[in-house]
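# Summary of the model geometry
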Amino acid sequence: MTVRCAVARIDSLSSISDGGDARGHAVVLDSERDRAERGRAGQDRAGRGRADRDRADRDTAGRSAEDRSAEDLFTEDRFTEDRFAAELRHWRHTQRMTQEGLAEASGLSVRGIRSLERGQVRAPRRRTVALLADALRLNGGDREGFLTLATEPAPTAPGDTSPGHRADVLVPGELPPAINDLTGRSAELARLASLAGPAATGQGAGPTAVVLHGLAGIGKTSLAVAAGHRLRERFPDGQIFVDLSVPDSPSTGTAPALAVDQVPAFHQAATLGRILRSLGVPDSRIPRSSAERTALYRTVTQGRRLLVVLDNAVNERQVRPLLPATPGCLVLITARRPLAGLEAVERSAVPVLDHPVATLLLRIIIGPRAAAEPEAIAELARLCGHLPLALRIAGNRLASRPSWSVARMVGQLSDAGGRLSALTAGDQGVREAFAVSYAQLALTTALVFRRCAPIAHTDFGVALAAATAGLSESGTDAALEELVDAGLLLTAGRRYRFHDLVALYAAERLRRDEPR
């Protein structure tokens, strides 16, 4: 008789009314109850015996408990984000435990733990992670953070096993739109593509970082964004875009604002918080301090294949906290300076366009009517100094005025005194771009910049610059090199020269800041 039948028999007997056979029924009831209790005890012993045998079989690989552990403890989706895998490995190593030791302490299988650490389980159930947290002896915030990473997502579409794709986390794709007429940058794009290969495959000891530096308006951002769009498929865990430019009003200032080493640090904590949210970290897990956010950022990016664009960097202090610490990421940094203080980065100076490419860009922007005025197109390119920003402003002004001839625009730019004013369209202007660089110069460097305006249209050496600026040669030499770093001065050996449009801006600053 099974336990269930015995219990039913007891219920039946206990429902009999008191009568002459009550004592007999009581004896039967007692007997049936004894047998039921013995049956329950036997089942308990049998259950414990089976559990012991199952545990032994699991530990000795005698049966497929690993497969059942995946069925019982994990969701069917086998692709987790690497951040939980990295967290699990971190705590296991911290506790000096092997995978076998963790399996024994948690009651899970070695195979299941191995799958978790390889990132092959998308969403381990919270109770599974709780067993691991107990075995790892995690408490307080460490335990809560560990458990938070295991929040179960909604299932991914069948067959979607591409890295970084989770149904509950939006993979960031923050790149601005790429311009469709990028011209003359094939060599630079090819070099970035060659650097992206090792970065995407995780080669090397850390991330691949490239500083694209050069004169304001040279097209560094356009180049970085275009490269990002072309390379995005190699970095399926997301593309992050951060504008690090310092807010100011450079066109209204009458003197240099702050030296580059005095520029207030961008709101590092806020920027890191925004990036962490983009990478799927909930607000409840984002710490307050910048140092803790940097540490969490490097933990979250570990094992991910990300492309990060840091645009308009002013100095190295802005960039360092935003560099991932492990391979698999490509970081493109645009800056007017080469950021010589950054270690282990590639540097690529972005040059002005050569004359044929500059005229080609103008023809693309202006459209078919440009073909009727080839000489005017060539002169317009020269007056723009082959600078992409100036070329685009002039071309867009003509494109927006179909009745204008190219010669009319050339006439406007031929007046050197009004050229910078003419090279303004909407919220873009060449003067405004140069003003940002000028505002970041040290006082002595800004003085040398504007006082060299009278010799700006020719090559010059340190001695002539010192005499013109009224400073010592050693002080002038340092200032000239600072101007080179700021992208405001070109150099060839020990000779210097200004870009034509920068020379016009230097003359403006001299008239404005040192009126005679």
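Everything here concerns the structure above.
What comes next concerns the included structure. What you see is a predicted model; the values in this text were computed from it and never measured.

How each quantity is defined
Residues numbered from 1 in each chain as written. Predicted model: local features only at pLDDT ≥ 70, side-chain atom pairs only at ≥ 80, totals over all residues. Heavy atoms only, no water. Helix = DSSP H or I, 4+ residues; strand = E, 2+ residues; numbered from the N terminus. Areas by Shrake-Rupley, 256 points an atom, 1.4 Å probe, with all protein chains shown as cover. Core = buried A, V, L, I, M, F, W, Y, C linked by side-chain atoms within 4.5 Å. Buried < 20%, exposed > 50% of the residue type's maximum accessible area, 1.4 Å probe, protein only. Contact = heavy atoms within 4.5 Å. Phe/Tyr/Trp six-rings, centres within 6.5 Å; stacked < 30°, edge-to-face > 60°. Lys NZ or Arg CZ within 6 Å of the ring centre and 35° of its normal. Pairing = 2+ DSSP bridges. Axes fitted to C-alpha atoms, helices over the stretch in contact; angles between N-to-C directions.

So, about the overall build of the chain. Scanning the chain from N- to C-terminus turns up 23 helices and 9 strands. On the chain, roughly 24,700 Å² of surface is accessible, and the fraction owed to carbon and sulfur atoms is 51%.

Let us now look at the nonpolar core. Judged by nonpolar contacts, the single largest core of 87 residues is most densely connected at Leu380 and Phe449. With 7 residues, the top contributor of residues to this core is helix H23 (residues 500-513). If we ignore the near neighbours within four places in the chain, the residues touching Phe449 are Tyr438, Leu441, Leu483, Leu488, Phe498, Val502, Tyr505, Ala506 and Arg509. Ranked by size, the runner-up nonpolar core spans 28 residues in total, among them Tyr297, Leu310, Leu322 and Leu342.

What follows covers the environment of Gln440. Turning to its location among the elements, Gln440 is positioned in the loop between helix H19 (430-439) and helix H20 (443-451). Expressed as a C-alpha distance, the spacing of Gln440 and Ala486, which sit 46 residues apart in the sequence, is 8.6 Å.

Scanning all chains against the criterion turns up 7 aromatic pairs. Judged by centre distance (6.2 Å) and plane angle (45°), the rings of Phe449 and Tyr505 are tilted. Residue Phe449 is found in helix H20, and its partner Tyr505 is found in helix H23; the two are separated by 56 residues along the sequence. Each member of the pair, Phe449 together with Tyr505, is buried. Through a chain of ring-to-ring contacts, the aromatic side chains of Phe434, Tyr438, Phe449, Phe460, Tyr496, Phe498 and Tyr505 assemble into a single cluster. Of note, Arg401 hangs over the ring of Trp404, and the distance from its end group to the ring centre comes to 4.9 Å.

This paragraph deals with the sheet that holds strand S5 (residues 346-349). Spatial strand order, S2-S3-S4-S1-S5: 5 strands in an open sheet with parallel pairing. The open sheet has two edge strands with one neighbour each: strand S2 (239-243) and S5. Taken pair by pair, the neighbouring strands of this sheet meet at an average axis angle of 15°, ignoring direction. Pairing between strand S1 (residues 208-213) and S5: 4 bridges, direction parallel. What sits directly across from Val210, in S5, is Glu346. Along the sheet, helix H9 (residues 186-200) contacts S1, strand S4 (330-335) and S5; its crossing angle with S1, the most-contacted strand, is approximately 160°. In the packing of helix H10 (residues 220-231) onto the sheet, the strands contacted are S1, S2, strand S3 (307-313) and S4, and the crossing angle to S4 comes to about 165°.

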